[in-house]
Amino acid sequence: MAEAAKFDYDAIIIGAGLTGMYTMWKLRQLGLSVRIIEKNGDVGGTWNMNRYPGCKLDSESYTYAYSFLPDLLQEWDWSNEFASQPEVMEFFSRAADKMDLRKDITFNTRVTKAAFDNAANSWTVELDNAEALSSRWLLTAVGALSNPIMPSFPGMDLFRGESYHSYYWPHARSGFGGKEVDFTGKRVGVFGTGSTGVQIITEVGKTAEHLTVFQRHPNWCAPLCNKPIEPERMAEIKARYNDIFARCESTTSGFQHDFRFASSEGTTAEEREAVFEEVYNQSGFEIWVGHYADMFTSPVSNGYITDFIAKKIRQRVKDPKIAEKLIPKDHGFGLKRVPMESGYYETYNRPSVTLVDLVETPVEEFTPTGIRTSDAFHELDILIYATGFDAIIGGLKQMDIHGIGGKTLKESWADGPFTYLGLQIPEFPNLFTLVGAHNGATNCNIPRCAEAQVNWVTEMFTKIIEQGIERVEADEAKAEEWTQHVYDVAAQTLLPTVTNSWFWGEFGKGPKRGHKLLVYNGGNPAYRERVSKVKANDYEGFVMS
Ligand code: NAP
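Note that the structure is predicted; figures quoted are calculated from it, not measured. (Residues numbered from 1 in each chain as written. Predicted model: local features only at pLDDT ≥ 70, side-chain atom pairs only at ≥ 80, totals over all residues. Heavy atoms only, no water.)

Colleague: Please provide a residue-by-residue account of the overall build of the protein chain, values included.
Modeller: On a plain count of helices and strands, the protein chain comes out with 16 helices and 22 strands. For the protein chain, whose C-alpha radius of gyration is 24 Å, the value lies close to the compact-globule estimate of 24 Å for 545 residues. Summarising its shape, the C-alpha atoms of the protein chain cover approximately 70 × 60 × 60 Å along the three principal directions. Relative to its 545 residues, the protein chain shows a buried fraction of 57%. Counted over contacts in the protein chain with a minimum sequence separation of 6, partners at least 24 positions apart contribute 70%. (Helix = DSSP H or I, 4+ residues; strand = E, 2+ residues; numbered from the N terminus. Rg over C-alpha atoms; globule rule 2.2 N^0.38 Å. Buried < 20%, exposed > 50% of the residue type's maximum accessible area, 1.4 Å probe, protein only. Contact = heavy atoms within 4.5 Å.)

Colleague: Tell me about the environment of lysine 206, and name the residues and values.
Modeller: Mapped onto the elements, lysine 206 comes out in helix H5 (residues 195-207). For lysine 206, a relative accessible area of 46% puts it in the partly exposed group. Each C-alpha atom of the pair lysine 206 and tyrosine 62 lies 28 Å from the other, and the pair is 144 residues apart in sequence.

Colleague: An account of the sheet that holds strand S15 (residues 377-379) is requested, with residue identities and associated values reported.
Modeller: With respect to topology, three strands assemble into an open sheet ordered S13-S14-S15, the strand pairing being antiparallel. The outermost strands of the open sheet, each flanked by one partner alone, are strand S13 (363-367) and S15. In this sheet, adjacent strand axes meet at a mean angle of 20° when their direction is disregarded. Inspection of the sheet shows S13 paired to strand S14 (residues 370-373) by four bridges, in the antiparallel sense. If you follow threonine 367 over to S14, its bridge partner there is glycine 370. (Pairing = 2+ DSSP bridges. Axes fitted to C-alpha atoms, helices over the stretch in contact; angles between N-to-C directions.)

Colleague: Please give an account of the sheet that holds strand S12 (residues 353-357) that cites residues and values.
Modeller: The strand order across the open sheet built from five strands is S7-S16-S8-S9-S12, with neighbouring strands paired in parallel fashion. The two strands at the open ends of the sheet, each matched to only one other strand, are strand S7 (162-165) and S12. On average, each strand axis in the sheet is tilted by 15° relative to the strand beside it, whichever way the strands run. By the bridge criterion, four bridges tie strand S8 (residues 187-191) to strand S16 (residues 382-385) in an arrangement that is parallel. Counterpart to valine 190 in the pairing with S16 is isoleucine 384. Contacting S8, strand S9 (210-215) and S16, H5 crosses the sheet at an angle of about 160° to S9.

Colleague: Tell me what's going on with the nonpolar core, and back it up with residues and numbers.
Modeller: For soluble globular proteins, nonpolar side chains are generally found buried alongside one another. Counting 164 residues, the largest nonpolar core has Tyr66, Trp78 and Leu139 as its most contacted members. Examining the composition of this core, we find that eight residues originate from one element, helix H14 (residues 446-467), more than from any other. Residues within four places of leucine 139 in sequence aside, it is in contact with Ala11, Ile12, Ile13, Ile14, Thr23, Leu27, Phe432, Leu434, Val457 and Phe461. Phe214, Leu358, Val363 and Ile371 belong to the second-largest nonpolar core, a separate cluster that totals 12 residues. (Core = buried A, V, L, I, M, F, W, Y, C linked by side-chain atoms within 4.5 Å.)

Colleague: Lay out the site of the ligand in plain terms, naming residues and giving numbers.
Modeller: Contacts to the ligand come from 23 residues, most closely from Lys56, Asp58, Thr196, His217 and Trp502. Within the side chain of threonine 196, one N or O atom sits 2.6 Å away from an oxygen atom of the ligand. Between the ligand and histidine 217, the relevant distance is 2.5 Å, taken from an oxygen atom to a side-chain nitrogen or oxygen of the residue. When the ligand is considered free in solution it has 910 Å² of accessible area, and contact with the protein chains removes 84% of it. Examining the composition of the shell around the ligand, we find that three residues originate from one element, H5, more than from any other. (Near = heavy atom within 4 Å. Polar contact = N/O pair within 3.5 Å; in protein donor to acceptor, adjacent residues only side chain to side chain. Areas by Shrake-Rupley, 256 points an atom, 1.4 Å probe, with all protein chains shown as cover.)

Colleague: A description of the pattern of salt bridges should follow, citing residues and the corresponding values.
Modeller: Evaluation of the coordinates by the stated rule reveals 38 salt bridges. A salt bridge links glutamate 278 to arginine 260; its shortest N-O distance comes to 3.2 Å. A residue pair is termed long-range when its members are at least 10 positions apart, and glutamate 278 in helix H7 (residues 269-280) and arginine 260 in the loop between helix H6 (231-250) and H7 qualify at 18 residues. Residue classification places glutamate 278 among the partly exposed positions, given a relative accessible area of 44%. (Salt bridge = Lys/Arg side-chain N within 4 Å of Asp/Glu carboxyl O.)

Colleague: Give a description of the state of the cysteines that names residues and reports values.
Modeller: One pass over the structure, following the stated rule, counts one disulfide. The disulfide partner of cysteine 444 is cysteine 449, and the gap between their sulfur atoms is 1.9 Å. One quick way to see it: the torsion about the S-S bond of cysteine 444 and cysteine 449 is about 50°, and its sign makes the bridge right-handed. Accessibility expressed as a relative area gives 11% for cysteine 444, which makes it buried. No disulfide involves cysteine 225; its sulfur sits 13 Å from that of cysteine 221, the nearest cysteine. Cysteine 444 provides the cysteine sulfur closest to cysteine 248, a residue in no disulfide bond, and the two sulfurs are 8.6 Å apart. (Disulfide = S-S within 2.5 Å.)

Colleague: Kindly report on the packing of H7 against helix H9 (residues 299-316), identifying the contributing residues and their values.
Modeller: The contact between H7 and H9 brings their axes to 11 Å, and the two run at 60°. The pairing of H7 with H9 is recorded here as oblique in orientation. Note that H7 runs across H9; the crossing there is right-handed. Here Arg272, Glu273, Phe276, Glu277 and Tyr280 of H7 lie close against H9, whose contacting residues are Tyr304, Ile305, Phe308, Ile309, Lys311, Lys312 and Arg316. Tallied by class, residues from the contact of H7 with H9 come to six nonpolar, no polar and six charged. (Parallel < 35°, antiparallel > 145°, perpendicular 65-115°, else oblique. Left-handed = near helix turned anticlockwise from the far one by under 90°. Nonpolar A, V, L, I, M, F, W, Y, C, P; charged D, E, K, R; others polar.)

Colleague: Tell me about the packing of aromatic side chains, residues and numbers included.
Modeller: The description of an aromatic ring pair rests on the distance of the ring centres and on the angle between the ring planes. Tallied over the full model, the rule gives 41 aromatic pairs. Measuring from centroid to centroid gives 5.1 Å for phenylalanine 153 and phenylalanine 191, while their planes differ by 35°, and the two rings are tilted. Pair noted here: phenylalanine 153 is in the loop between strand S6 (132-140) and S7 and phenylalanine 191 is in strand S8, with a separation of 38 residues, a long-range link. Classification of phenylalanine 191 by relative accessible area gives buried; the value is 3%. Here the aromatic residues Tyr22, Trp25, Trp47, Tyr64, Tyr66, Phe68, Trp76, Trp78, Phe91 and Phe92 are joined through ring pairs into a cluster of three or more. Positioned over the ring face of tyrosine 304 is arginine 272, at 3.5 Å from the centre of the ring. (Phe/Tyr/Trp six-rings, centres within 6.5 Å; stacked < 30°, edge-to-face > 60°. Lys NZ or Arg CZ within 6 Å of the ring centre and 35° of its normal.)

Keep in mind that these numbers describe shape and distance, not what the molecule does.
Dropping the structure here:
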């Protein structure tokens, strides 16, 4: 209750996803008055919205849970190694009940503008219901993948069938209707072959009368190897939760998986084949982050795993021409987010499934009954857009954010994200961007790294409260150093060879326009070490007054 008299709240959090929920709980424990503003109708963020067919985790369920609610962990039985959306949503919904969060959340409300008052050291947020609220502190927890994008094709509005974006899948609390979408006897078209499209295509392919996949670029996908968790195994997981979380804290990407070998150099083809075969048949991201670490830095090493996965696709897809279309030719394995699949490639062996290569045969127009590509007309009843997100920075971009002297975030980030540790932006005091651009928690098994981040930030709030600090501001030179560090780390890897993924954004004007990395890819332990040192150095780089 530090300053409730001066402001509406001590802290306003934007977003009631996993990160925002935990942040509220922690700040409340410190005695602060807190309100969350949430654009959707319930808590859970991504798991509240993505209710499309086939939506499931590809982090192991028990590594995705909140570690700080031991009672819930002991009550909760995960059905599968990788739980489906309804189960994940139910877990976080129950977590919200346990923490009694909903009473302090304003749902179905967007922040349209946020402005810093330099004299009062406070923020005023304007909402789309015409209200305005003030607070000393503003924390954004808007999610990395919460602003869906739609493609644009001639005549799109003419289509008279049903159309859905994967993110806005109809469900009772969403405001987009509560009906189930039935694909039986329907001709369905899907745009998008990222993680979302791969899950949808596999599921819809099972029931649709006909499924047409409109593919722009294929992705490298690998088997999820999901399986039920039997009671004995669940009991064992419950007994080991602390070890599981400790393991995830120590690994490069916050999963249980981590590299077995630094390099593939000096290995024989037979040795590599045995390793790849083993990890291909192991569940989760072992295939991505569980063998040779230098697949991310050495074109030769990356070539080994890329060739192996291409061979698997050729083995699994019966028609060699379709197999070739499903094999990426423009990037190596793992350099974009790997979609995990459960029978995706076999979907293309069904006679009821057609793959349209949009590079070879582009869309010419939409009509009321379907889509005309350069070589054919595809009659459709339902269209699904799994076309991705304005990732990482989309949530902030949607709001009109003004720092000192009215400087806008758009101006500050004209040439790319500019942050200190991905947590604060110079000239935007008292604003913390949780799990945002250039932040160590964003390219990670999110709940594991988000929890760590919220712990770190709320520890800073302990100091803020004890010392009566009213203003915290990122030092500009430190932000420049961090931003350069993010790019230097990436430059040591193969990541900059593939910029057409959501890890990247386009910034700048004229000849300076180019792609900038949106995530920090130095890994979970390096980021943790860095922020620990900053804290040990009395929050070096955060100017407090
Ligand atoms: P995405 O990876 O960005 O994929 C978007 C897809 O839409 C791409 O295939 C893209 O093709 C295609 N696309 C975009 N515009 C198009 C156009 N105009 N015409 C044709 N195709 C177009 O998005 P996502 O699949 O929603 O996945 C985003 C992230 O969400 C994932 O990487 C993952 O981190 C997360 N996710 C996680 C899970 C899980 O944990 N199980 C599940 C789903 C998603 P191009 O490649 O040609 O651009």
